[in-house]
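Structural overview
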Amino acid sequence: MVRPRWLKARNWRNQLQIRPLGHGWDQFVAIWASINLLLVIFDVSYVPLRNFWLQRQLYLLPGVPLAIPLTFLPDLTLTYDPIKGIEPHRDTQNFIEKWTLLDQQLLSKGSANPASKKLLEQQLLLTNQLISENPFLAANKTGTLERIKNRLRQRTGLESATQGASKLFNPEWIQLNSWSQERLFWQQEIMPLIATNYWRSIDEAGRPTERFWRIDLLWFQSVFFFDILLRVLQLKRRFPGLSWRDAILRRWVDFPLLLPFWRLTRVIPVAARLRSSGVIDAEPVRVVVSRGVVALLAVELIEVIALQIVEGVQAFIRSPKWKQRIKRLGTPDRFQNAEKQDFEGLLRIWLPLLLGRVLPSLAPQGRELLAYGLQRSLVKTPLSAPLQKFQPVQLAEREFSRQLATGIIEALLDLSKGTAAELSRDDQRVKDLWVGASEAFWQELGNALGESATLEQSQTLLAEMLEELKLTYLSGINSAGVEGLLKKLEQFSDGELVTEP
């Protein structure tokens, strides 16, 4: 049995596509397309992951202020925010600036100073406005505001976030707890959340500002268009009869590289180019993916196909037209002329072969079998039973049976050889006799089945056998069985299955 296609080892280095400018160009385009795909993934995920790039901290558990600092990563927000049209939100930016002034004032003057009290009242007013007006709504960060409110409640033990803010910005509370300790709560748990808010501009089409297409078009899609154009020209040169439309359609796998939307589909042409250029060997990954797909779909496919076949056979067996079908097998116009001639030709080849060569070679076995049957028949006769005690009588019976069997077999073989010789001739009379015998056989079989309950009983039994097959075999098909088959397929080596001891 041949190794499955998805397990065959392929020489991927020899399966390279058309290279208009050589192997080096292929590798450059493949690597350039890979860089573009990474940038596309970064661009698509930038807005959802902006908090990570802004804070460069990895939170282990959601909602818990326990994070791993990743300060070695660069702050990409300063460079990439303008590309996405992101700017600091006025309200949250004002809150951060006022809190910085308050922090400096409390560290230098303390909370008893009149200027400090004024700044505390001002910061409390900004906090209440932040809670009531929700400036996080424009950036779809309402959940961030809820986290801020929850932390204010947990810090003070009050049920209202506004009451908690009033307590935290109370000069007496700050005198009792020390601002050097309180500021850690604000710096570590509140201000980082407020800093994640932003405002994103809208273009003339009413969509969020997006300027990545300029980088994509200038640096990447222009290169991809040039490469695709070269490959289309190469196809036209190799196949002059190929139309421009067909030549372009043959490069359909590269189309996602030029689309300004559905940009993540570029993974398909990138993977194809990496594999065809020999930059990476994607064969192990392809094998694993293929096996996974086979394992997932094989159970349902086998069940549907097998059930459809069994249902079709059952419907054919239960058909009430069996008698007419059997009779039609013997009608002269049952086969077309070509099919009829082929059928007659097979008969002229196989019947002389069976009668002239196969049966004569079985003569010794036939003589032994017939002689033994005749001897057993003589033993059972009333006349021979009393004489079985005598050895000469037994020898005489065996010799008589052997000679009689030899004569019968030789007569049958002579008849078989003569019949084979006659059938091998191109005789019209023989053809007519065979046709007449075939017609009579099928007609008589149809009449016999129609006059008895044999056909109905046979149909019922066969249908029940197939129904039992559906209940036992098809219900036993599961993913574990398919996995077992896949493991057996993996044991094929050079077309042979390694059998287990």
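Residues numbered from 1 in each chain as written. Predicted model: local features only at pLDDT ≥ 70, side-chain atom pairs only at ≥ 80, totals over all residues. Heavy atoms only, no water.

Another aspect to go through is the overall build of the protein chain. If you tally the helices and strands in the protein chain, you get 20 helices and 6 strands. Here the protein chain holds 501 residues, and 31% of them are scored as buried. Of all intrachain contacts in the protein chain linking residues separated by at least 6 positions in sequence, the fraction that spans at least 24 positions is 69%. Carbon and sulfur atoms make up 62% of the accessible area of the protein chain, which amounts to about 32,200 Å² in all. (Helix = DSSP H or I, 4+ residues; strand = E, 2+ residues; numbered from the N terminus. Buried < 20%, exposed > 50% of the residue type's maximum accessible area, 1.4 Å probe, protein only. Contact = heavy atoms within 4.5 Å. Areas by Shrake-Rupley, 256 points an atom, 1.4 Å probe, with all protein chains shown as cover.)

With respect to the helices and strands, Asp216 occurs in helix α10 (residues 212-238). Reaching out from Asp216, the side chain makes a polar contact with the side chain of Asn36 at a distance of 2.9 Å. If we ignore the near neighbours within four places in the chain, the residues touching Asp216 are Asn36, Gln221, Arg263 and Arg266. (Polar contact = N/O pair within 3.5 Å; in protein donor to acceptor, adjacent residues only side chain to side chain.)

In this model, the protein chain carries a mean pLDDT of 76, and residues with pLDDT of at least 70 account for 63%. When the criterion is pLDDT under 50, residues 9-18 qualifies, and its contacts beyond four places in sequence or with other chains add up to 24 contacts. (pLDDT = per-residue confidence, 0-100.)

Attention now goes to the packing of aromatic side chains. Considering all chains together, one arrives at 13 aromatic pairs under this definition. Taking the centre distance of 5.9 Å and the plane angle of 85° together, the rings of Trp25 and Phe226 count as edge-to-face. In this pair, Trp25 is assigned in helix α1 (residues 23-46) and Phe226 in helix α10, connecting sequence segments 201 residues apart. (Phe/Tyr/Trp six-rings, centres within 6.5 Å; stacked < 30°, edge-to-face > 60°.)

The tally for this structure, following the rule as stated, stands at 15 salt bridges. A salt bridge links Arg200 to Glu210; the shortest N-O distance between them is 3.7 Å. Placement of the pair is Arg200 in strand β4 (residues 198-200) and Glu210 in the loop between β4 and α10, with a sequence separation of 10 residues. (Salt bridge = Lys/Arg side-chain N within 4 Å of Asp/Glu carboxyl O.)

Bringing unusual backbone geometry into the picture now. Phi angles above zero are rare outside glycine, and Arg56 is one such case at about 50°. Mapped onto the fold, Arg56 is located in the loop between α2 (50-55) and β1 (57-59). A relative accessible area of 22% places Arg56 in the partly exposed class. In the Ramachandran plot, Ser178 falls in the positive-phi region, its phi being about 70° despite a non-glycine side chain. Note that Ser178 resides in the loop between α8 (171-177) and α9 (179-195).

A separate point is the environment of Ile148. As for its placement among the helices and strands, Ile148 is situated in helix α6 (residues 142-156). Under the relative-accessibility criterion, Ile148 is labelled buried at 4%. Counting along the chain gives 42 residues from Ile148 to Ile190, while the straight-line C-alpha distance between them is 6.1 Å. Excluding anything up to four places from it in sequence, Ile148 contacts Phe136, Ile190, Leu193 and Ile194.

Before going further, it helps to examine the side chain of Lys149. Counting through the fold element by element, Lys149 comes out in helix α6. Classification of Lys149 as buried rests on a relative accessible area of 15%.

Because each turn of an α-helix spans 3.6 residues, side chains separated by three or four positions in sequence point in the same direction. Counted at 1.5 Å a residue, the expected span for α6 with its 15 residues is 21 Å, and the 22 Å between its end C-alpha atoms agrees. For α6, the complete set of buried residues consists of Thr144, Leu145, Ile148, Lys149, Arg151, Leu152 and Thr156. Relative to the axis of α6, the buried residues are bounded by an arc of 160° and lie together on one face. On its buried face, α6 is in contact with α5 (114-133), α7 (161-168) and α9. Note on α6: the residue one or two positions beyond its end, Gly157, has a positive phi of about 80°. (Expected span 1.5 Å × (residues − 1). Arc of directions from axis to C-beta.)

A cluster of nonpolar residues, Val293, Leu297, Leu301, Ile305, Ile309 and Val313, forms a patch on the protein surface that exposes about 520 Å² of accessible area. Position of Val313 among the secondary structure elements: in helix α13 (residues 283-317). (Patch = residues over 30% accessible without salt bridge, like charges linked within 9 Å, V, L, I, M, F, W, Y side chains within 5 Å.)

What follows covers the environment of Ile202. Mapped onto the fold, Ile202 is located in the loop between β4 and α10. It is 9.9 Å that separates the C-alpha atoms of Ile202 and Ile86, two residues lying 116 residues apart in sequence.

Across its 17 residues, α9 extends only 21 Å between first and last C-alpha, which sits more than 12% below the 24 Å expected from 1.5 Å per residue. Gln187 marks where α9 bends most, by close to 40°. Against α2, α4 (90-109), α5, α6, α7 and α8 lie the buried residues of α9. (Bend = angle between axes of the 7 residues up to and from the residue.)

Attention shifts here to the nonpolar core. Within the largest apolar cluster, 26 residues are counted, with the highest numbers of intra-cluster contacts made by Ile148, Leu152, Trp186, Ile190 and Ile194. For this core, the secondary-structure elements that each account for two or more residues are α4, α5, α6, α7, α8 and α9. In terms of residue count, α9 provides more of this core than any other element does, 7 residues in total. For Trp186, the contacting residues outside a window of four places in its chain are Trp99, Leu152, Leu168, Phe169, Trp179, Met191 and Pro192. By size, the runner-up hydrophobic cluster in this structure holds 12 residues, among which are Leu70, Tyr80, Ile83 and Ala139. (Core = buried A, V, L, I, M, F, W, Y, C linked by side-chain atoms within 4.5 Å.)

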